[in-house]
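Each chain is listed here by its residues.
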Amino acid sequence: MSVTVRVPAKVNVQLAVGAARPDGFHDLANVFLAVSLFDEVTATAADELTVTCAGPDADQVPLDRTNLAARAAGILAERAKIAPAVHLHIAKSIPVAGGMAGGSADGAAALLACDALWGLDTPRAELLDICAELGSDVPFSLVGGAALGTGRGELLTPVEAGAFHWVFAVADGGLSTPAVFREFDRLTAGTRIPEPEASPALLAALASGDPDALAPALANGLQAAALSLRPALAKTLAAGTEAGALAALVSGSGPTTAFLVRDEEAAAKVAAALEASGTCRATRVAASPAPGATILPS
Ligand code: ATP
């Protein structure tokens, strides 16, 4: 018997970063948007916990207990006082270490898949607690749609979002999220960092579904740090803007870059221009908002 869960990637349409807290985390005002780039995680009854992964970036995904899907299964089994007797297969489309919460997505997907496979029927609130234990971006992967994340990003409030079209440019190699936060700390040392707050203009634009209103409101507080570690991303951002994207920004901690476009036709044009520019490894076209982790019919 097996259960397959489909789970979306995310882009941060606003990522306001506060000063480092005593625990090293940063308070965030993080407006998440789920986009239609999906991983699928299949949980199959097995003798012991194993993980396999397929997809273009599969060789970069750890298959041991550090894999977030394996960690999710382990935590759920421990809470239920059962053995984590499951094989997890990840069909990976979300870029790895790309700032699109791919690992977080697999964690949320594995949690939902194992919960169904083991017939646990864990209450939603408890699943969300486990997600927050797994990582700051994991609760949003479960919920999907559009949401404001506060705290270190894990305290979610749903927000309204109309439909938008996106192009993503996948870079060569990943960027470590902790390294990008450390660079943020270095770049902002000695400056006064305001309390992170969601922008009312951004939230209104998101709800309106008007890409011309959303474009100037997009903001990523980690962008300078990602560009400092990976200066070549500036060329990718410029190539997308020159090709007609309404706005260009680094996705989360990068190095994936995100381009807001007017419609599907513009998406195809911007994606083709980005590929021809030689400033990225690959492009992906997606729409938002996308649903959160969902069990697929067997
Ligand atoms: P975020 O946007 O949440 O900061 P990210 O998209 O930048 O994350 P991930 O794709 O989640 O980055 O990968 C970050 C690291 O996590 C990888 O380099 C890898 O070592 C590890 N990892 C653990 N589990 C997974 C998984 N299921 N898929 C991908 N990476 C994983």
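See the structure printed just above.
In every chain, residue numbers begin from 1 and rise along the written sequence. Per-residue local features of the predicted model are confined to residues with pLDDT of at least 70, and side-chain atom pairs are confined, for both listing and counting, to 80 or more; whole-chain, interface and lining totals are unaffected and use all residues.

*Asks:* Run through the pairing of strand β2 (residues 26-45), naming residues and quoting values.
*Replies:* The buried count for β2 comes to 15 of 20 residues, which makes it a mostly enclosed element. As judged from the 16 bridges shared by strand β1 (residues 2-20) and β2, these two strands associate in the antiparallel manner. By the bridge assignment for β2, Pro8 is matched with Phe38. The antiparallel pairing of β1 with β2 creates a hairpin that spans 5 residues between the two strands, and Gly24 there sits at a positive phi of about 90 degrees. If DSSP finds at least two bridges between two strands, the strands pair. By definition, any uninterrupted DSSP run of H or I lasting at least four residues is a helix, any uninterrupted run of E lasting at least two residues is a strand, and each is numbered from the N terminus. Where β2 and strand β5 (residues 146-150) come together, 4 bridges link them in antiparallel fashion. Whether a residue is buried, exposed or partly exposed follows from its count of other C-beta atoms within 10 Å of its own C-beta, namely 20 or more, 12 or fewer, or something in between, respectively; the C-beta atoms are built from the backbone.

*Asks:* Describe the sheet that holds strand β9 (residues 247-250), with residues and values.
*Replies:* Across the sheet, 4 strands lie side by side as β9-β10-β7-β11; this open sheet has antiparallel pairing. Only two strands of the sheet have a single partner each, and these edge strands are β9 and β11 (282-288). The sheet shows a mean angle of 25 degrees between the axes of neighbouring strands, direction not considered. Relative to β11, strand β7 (residues 164-170) is paired through 7 bridges, and the arrangement is antiparallel. Opposite Phe164, over in β11, you have Ser288 as the bridge partner. Residue pairs qualify as contacts under a 7 Å threshold applied to their C-beta atoms, which are placed from the backbone. Here, axes are lines fitted to C-alpha atoms. For helices the fit covers the stretch in contact, and angles between N-to-C directions go from 0 to 180 degrees. Set on the sheet, helix α9 (residues 233-242) makes contact with β7, β9 and β10 (257-261); between it and β10 the angle comes to about 10 degrees. Its contacts with the sheet place helix α10 (residues 264-277) against β7, β10 and β11, and it is angled at close to 10 degrees to β7.

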